[in-house]
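Reading the structure
Chain by chain, the residues run as shown.
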Amino acid sequence: MIENGQSIFLIMKKIFSICLFISSTCFFGQNQKEESFRNSIGDFKTSGSWLPATKIDNSIEGSPYLFDECDGFFKIFIDEKKYYPIGNLNYNISSKVLESKISKDSIFQYDLKAISFVKRGEEKYVFCTIDKKVDFCLEIYSSSKIVFVKDFKLALINGTLNPLTQEMRKSRYEKKQEYFCKVANNEFIEVDLKKKPILKLLGEKSKLVEKYASDSKLSFSSEKDLVKIFKYYDSL
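The structure displayed is predicted, hence computed values, not measured ones.

Moving on: a negative patch on the surface. Residues Asp131, Glu187, Glu190 and Asp192 make up a contiguous surface patch of negative charge. Structurally, aspartate 192 can be placed in the loop between strand E13 (189-190) and helix H2 (195-201). Given the relative accessible area of 48%, aspartate 192 is considered partly exposed.

Next comes the structure, spelled out in structure tokens:
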């Protein structure tokens, strides 16, 4: 009986040691990850905020975040040349906060005033004052004469009763895209991707632009074609 008791004790001791090792390894790994992130963000360490991660609300379908995946290759620019490469970044459309998820327990929120713009691959995201609020927008075209951006909005659609099953459908987040133009350093104006409202923005040069678009078979509903149209407008 004594030998059996000693065997059980040794087994329990080993199990405890393994659990302690796993726990300390996870803790060390998390701290190491946070320390690595702190070293990578440079100037933002003193201007951003470390916060506990918010729990996912499973009662709502979808996500309030702009990107489907937060992992990727991002560059946060503090001016035209200096930037910090970040592998984990997302923008909360609802709270208008740019953040990195460091672990399941913590996130880092950036001070937007310290950021000039953000690049996600070839895409450039800029902060635009629209209707007296600062939004995080995808820059489609920009010059000294005209700026064309895509803004992102979030709506919460409340759940409704399914008449067939008599069960409540879940509420859901619905993302929407809106386009804005700024001409000659005026305020941003929302525009539909249609010929008439865009030509109206271009003032006295609209006739020349309309002819160029027609001759070149360009569509005012296409982002790529609008870039070509705006480049022609800039050349006039």
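Next up on the list: the sheet that holds strand E6 (residues 97-101). Taken in spatial order, the four strands make up an open sheet running E1-E7-E6-E5, and their pairing is antiparallel. Both edges of this open sheet fall to strand E1 (49-52) and strand E5 (90-92), since each of them pairs with a single strand only. Between one strand axis and the next, the sheet turns through 40 degrees on average, direction left out of account.

The subject of this paragraph is the packing of helix H3 (residues 206-215) against helix H4 (residues 223-235). Contact geometry of H3 with H4 gives a least axis separation of 10 Å together with a crossing angle of 135 degrees. Viewed along their axes, H3 and H4 adopt a mutual orientation that is oblique. Crossing hand, H3 versus H4: right-handed. Across the interface between the two elements, Leu208, Val209, Tyr212 and Ala213 from H3 touch Lys228, Ile229, Tyr232 and Tyr233 from H4. Residues belonging to the contact of H3 with H4 are distributed by class as follows: seven nonpolar, no polar and one charged.

Thresholds applied
- Residues numbered from 1 in each chain as written.
- Predicted model: local features only at pLDDT ≥ 70, side-chain atom pairs only at ≥ 80, totals over all residues.
- Heavy atoms only, no water.
- Patch = residues over 30% accessible without salt bridge, like charges linked within 9 Å, V, L, I, M, F, W, Y side chains within 5 Å.
- Areas by Shrake-Rupley, 256 points an atom, 1.4 Å probe, with all protein chains shown as cover.
- Salt bridge = Lys/Arg side-chain N within 4 Å of Asp/Glu carboxyl O.
- Lys, Arg positive; Asp, Glu negative; His and termini not counted.
- Charge placed at Lys NZ, Arg CZ, Asp CG, Glu CD.
- Helix = DSSP H or I, 4+ residues; strand = E, 2+ residues; numbered from the N terminus.
- Buried < 20%, exposed > 50% of the residue type's maximum accessible area, 1.4 Å probe, protein only.
- Pairing = 2+ DSSP bridges.
- Axes fitted to C-alpha atoms, helices over the stretch in contact; angles between N-to-C directions.
- Parallel < 35°, antiparallel > 145°, perpendicular 65-115°, else oblique.
- Left-handed = near helix turned anticlockwise from the far one by under 90°.
- Contact = heavy atoms within 4.5 Å.
- Nonpolar A, V, L, I, M, F, W, Y, C, P; charged D, E, K, R; others polar.

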